[in-house]
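# Coordinate inspection notes
Spelled out, the chains give:
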Amino acid sequence: MTTARPSGPLLLGVRHHGPGSARAVRAALDAARPQAVLIEGPPEGDALLPLAADEQMRPPVALLAHAVDDPGRAAFWPLAAFSPEWVAIRWALAHGVPVRFIDLPAAHSLALAEEGERERRPGPDDERRPGPDEERRSVPVDPIRVLAETAGYDDPERWWEDVVEHRVPGPPGAAAADPLAAFAALGEAMTALREAYGDGGHPRDAVREAYMRVQLRAARKEFGGAFAVVCGAWHVPALEARTTQTADRALLKGLPKVKTELTWVPWTHRRLARHSGYGAGIDSPGWYEHLFASPDRPVERWMTKVAGLLRDEDRFVSSAHVIEAVRLADTLAAMRGRPLAGLSETTDAVRAVMCEGSDVPLALVRDRLVVGETLGEVPDTAPAVPLQRDLTRQQRTLRLKPEASERELELDLRKETDAARSRLLHRLRLLGIGWGEPAAGRGSTGTFRESWRLHWEPELYVRVAEAGVWGTTVHSAATARAESDALASTALAEVTALAERCLLAGLTEALPVVMRVLADRAALDADVGHLADALPALARTLRYGDVRATDTAALGEVAAGLAERICVGLPPACTGLDADGATALCRQVDGVHTAIGLLAGAVPADADGLRARWRSVLHRLTARDTVAGVIRGRAARLLLDDGHLAQDEAARLMGLALSPGTPPADAAAWIEGFVGGAAGGGMLLVHDERLLALVDSWLTGVPAGTFTDVLPLLRRTFSAYEPGVRRTLGELVRRGPDAGTGPGTGAVPGRESTAPGFGPVLDAARADAVVPVLRLLLGLDAGTRAAETSEQHEERLEATG
């Protein structure tokens, strides 16, 4: 049976991103041969349509529209190879037929979206609640779900596959099916839905449809009725409705408007799987692409793809598995009354036959094939902001191709290309373009290695457009952004962190401004906590001079000044603190201690004096009873680790802190500072049983009434230890105080020791015996060690872990 051709325009109602709709559109256009093709989309994109025929254009792609004055206000219109709109565009370009977009202009839709956001923000006096009728109308209707439920299906995707996506050509010799029959049936169904649900919870559709009707009237004057319209099936009844030009113009009168720019950008299958753009996100873009590209024997071809993927992952999958999986999928489809095996049947068959019932490899199939990692491409001639062009040029020069899948990147900053890559990624982060994020790479004590995690998302094109206000190149934009951030910052730590980022990004032009602001903020800020927060970033920054060839002399002077002020102001700041304040300042003491160690190497002119002044501060902190216990304990531990506190003195300080006259809470705080946190105190207690005995004696003597008060603090301290350390400590406590000698204690039989595990003095002969082994491991000898450069030596150390 052949459906009668309509006398007016050919209205092809489709489902966005539907391969069955795409095939039907192509067949309908081939049969009707319209003189023009009109497509649902922003009319500002008409000038970009010829690029769809470019050889470099590879879907999935998207039209990106953004407001010129506010690039962050943007919208996407994504198109895949199996999108009906894309098929219609390519058909029109291939046949030399005019093709145009007829939806509401992006200039209006972006402005309306902004107004809608403001309307959704409730005011302080907004207590009105919608009535039941308003609430029912405000819930958007999913027409596909309604039609599926009407047909007795509980899954709308399954219904759509059965009635549209799995429509296959008839056998050879059979009469050709009318390509318009499906569109006519779908149009009738949508008309019934619109009569029942009105706008379906989409009030702005009335404005869009009014604009489309205006465009259709203009097309009738130009082409008569010989043109085709490709739009969402939901809009077909509204476009067929009889309305007047005056009524439609009235709906469009007074619409807000913003200045916009449009371009093509690459899109990804993973982004198609989200509800964005047309509002028609799909769950399985990879599967739909397969259906569109494989109209014949789709199940067999799909199982072959799955088998290839699993073989690449070292799973045994033979041809027999493929044959059996196809048979099972077809059997399941027949049992479920489906015309062809769909995604659910093929998934069940793959799980049973190729994955042995496991969902673990099946998750890989879904990620790689059902969704897919395809990233589209656009031609170089596509419009772009200057910043995007510069970024694209640098990506090609540095061989950093944007990829939809996440990947790790290891950089050796001594190599020119890797150093340039590092600068680019750091500049982009400073601009808010999060293409790369620093990651924990392989262990290295040097500063010449970086690890990054790269993942390109289509939304980053919007971030690039936003960042374009700062400059036309990545370098100039990052420099301007750094200077602006420095002038706008109010906290000293923000400026020091910015200085570090400028050096990482190689923004030497921004450093004078940042340094001037840094000096001003440092001179005015008298808060020791702020100074302590700022110093570590400066100390880390000073380490980059050697590898990145950056002059850090000015930073060294500021950092040394901050260190001096911290040494003067820290002891008074450590008194009169509550528990939270003491814990926070304890962490800051750790940071300052590490920073001064770095500064001593970076500012050699006063290295010994700086270390000595800091040691003096730590000694004062350990001796002051007014200082919070956690800080006194941490100061003692830092001195002990650096060899500036004898074991006897450490034991004496612990004995004082744990004396009966000390409140249990203060004693527990001292223990937390001494053996807790990042101090690694568990191994110290394992090897120094005298300190362990002091802790054990104090703990067993805590009164029952106060034990529950100190238990949370002790639990937090000791739960941070490794399970093996906790087990060893438990065994030592169970064995008692007479287990000070023997294997595992570190004590030497036949030699007196003031404390089990430690000798009274350094045994130089035993220490020297280790040197040959270390030199062998490092590949050093007396002739080559002196000739090594610092970089070579650092690399050797890094290579040996």
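Structure first, text after, so check above.
Quantities reported herein were computed from a predicted structural model and do not represent experimental measurements.

### Overview of the overall build of the protein
Per the secondary structure count, the protein includes 37 helices and 10 strands. Considering only intrachain contacts with a sequence separation of at least 6, the fraction spanning at least 24 residues in the protein is 75%. A total accessible area of about 39100 Å² is found for the protein, and carbon and sulfur atoms account for 53% of it.

### Some details on the packing of aromatic side chains
Any two aromatic rings considered together are summarised by their centre-to-centre distance and by the angle between their planes. All chains considered together, the criterion is met by 7 aromatic pairs. Plain terms: the ring middles of phenylalanine 82 and tyrosine 288 are 6.3 Å apart, the flat faces sit at 90 degrees to each other, and that makes the pair edge-to-face. Of this pair, phenylalanine 82 sits in the loop between β4 (74–79) and α2 (84–94) while tyrosine 288 sits in helix α12 (residues 285–293), and the two are 206 residues apart along the sequence. Residues phenylalanine 82 and tyrosine 288 agree in their burial class; the two are buried. Between tryptophan 287 and tryptophan 302, the ring centres sit 5.0 Å apart and the planes meet at 85 degrees, which makes this aromatic pair edge-to-face. One end of the pair, tryptophan 287, is in helix α12; the other, tryptophan 302, is in helix α13 (residues 298–312), with 15 residues separating them in the sequence. Tryptophan 302 matches tryptophan 287 in its accessibility class, with the two residues each being buried. Following the ring pairs from residue to residue traces out a cluster consisting of Trp435, Trp456 and Tyr461.

### So, unusual backbone geometry
Omega for the peptide link from proline 59 to proline 60 comes to 10 degrees, which places this bond in the cis form. Along the polypeptide, proline 60 turns up in the loop between β2 (37–39) and β3 (61–67). Even without being a glycine, glutamate 356 presents a positive backbone phi close to 55 degrees. Inspection of the secondary structure assignment puts glutamate 356 in the loop between α15 (343–353) and α16 (360–371). A positive phi angle, near 55 degrees, is found at arginine 399, a position not held by glycine. Residue position: arginine 399 is located in the loop between α17 (386–397) and β8 (407–412).

### With respect to the sheet that holds strand β1 (residues 10–14)
Spatially, 4 strands are ordered β1-β6-β2-β5 in an open sheet, and the strand pairing comes out parallel. Looking at strand neighbours, the two that pair on one side only are β1 and β5 (99–101), the edges of this open sheet. Averaged over all pairs of adjacent strands, the angle between strand axes in this sheet comes to 20 degrees, irrespective of strand direction. Two elements, β1 and strand β6 (residues 228–232), share 5 bridges in a ladder whose sense is parallel. The residue of β6 that forms the bridge with valine 14 is glycine 232. In the packing of α2 onto the sheet, the strands contacted are β1, β2, β5 and β6, and the crossing angle to β2 comes to about 150 degrees.

### A short note on helix α21 (residues 492–505)
Its 14 residues place the ends of α21 20 Å apart at the C-alpha level, agreeing with the 20 Å of an ideal helix rising 1.5 Å per residue. For α21, a buried count of 10 out of 14 residues is recorded, marking the element as mostly surrounded by other parts of the structure. Listed as buried for α21 are Leu492, Val495, Thr496, Leu498, Ala499, Glu500, Cys502, Leu503, Leu504 and Ala505. Glycine 506 occupies a position one or two residues after α21 and carries a positive phi of about 65 degrees.

### A closer look at the pairing of β6
Of all 5 residues in β6, 5 are buried, a share of seventy percent or more. As judged from the 3 bridges shared by β2 and β6, these two strands associate in the parallel manner. Opposite leucine 38, over in β6, you have valine 229 as the bridge partner.

### A look at the sheet that holds β4
Taken in spatial order, the 3 strands make up an open sheet running β4-β3-β7, and their pairing is antiparallel. Each edge of the open sheet is held by one strand with a lone partner, namely β4 and β7 (260–266). Put simply, the sheet's adjacent strands are angled 20 degrees from each other on average, direction ignored. The pairing of β3 with β4 spans 6 bridges and is antiparallel. Across the sheet, residue alanine 65 finds its bridge partner in β4, namely alanine 75. Of the strands in this sheet, β3, β4 and β7 touch helix α19 (residues 460–467), which is tilted by about 30 degrees from β3.

### Remarks on a nonpolar patch on the surface
Residues Val770, Val773, Leu774 and Leu777 make up a contiguous nonpolar surface patch of about 380 Å² in total accessible area. Topologically, valine 770 is positioned in the loop between α35 (764–768) and α36 (771–778).

Reading guide: rules and limits
Residues numbered from 1 in each chain as written. Predicted model: local features only at pLDDT ≥ 70, side-chain atom pairs only at ≥ 80, totals over all residues. Heavy atoms only, no water. Helix = DSSP H or I, 4+ residues; strand = E, 2+ residues; numbered from the N terminus. Contact = heavy atoms within 4.5 Å. Areas by Shrake-Rupley, 256 points an atom, 1.4 Å probe, with all protein chains shown as cover. Phe/Tyr/Trp six-rings, centres within 6.5 Å; stacked < 30°, edge-to-face > 60°. Buried < 20%, exposed > 50% of the residue type's maximum accessible area, 1.4 Å probe, protein only. Pairing = 2+ DSSP bridges. Axes fitted to C-alpha atoms, helices over the stretch in contact; angles between N-to-C directions. Expected span 1.5 Å × (residues − 1). Patch = residues over 30% accessible without salt bridge, like charges linked within 9 Å, V, L, I, M, F, W, Y side chains within 5 Å. Salt bridge = Lys/Arg side-chain N within 4 Å of Asp/Glu carboxyl O.

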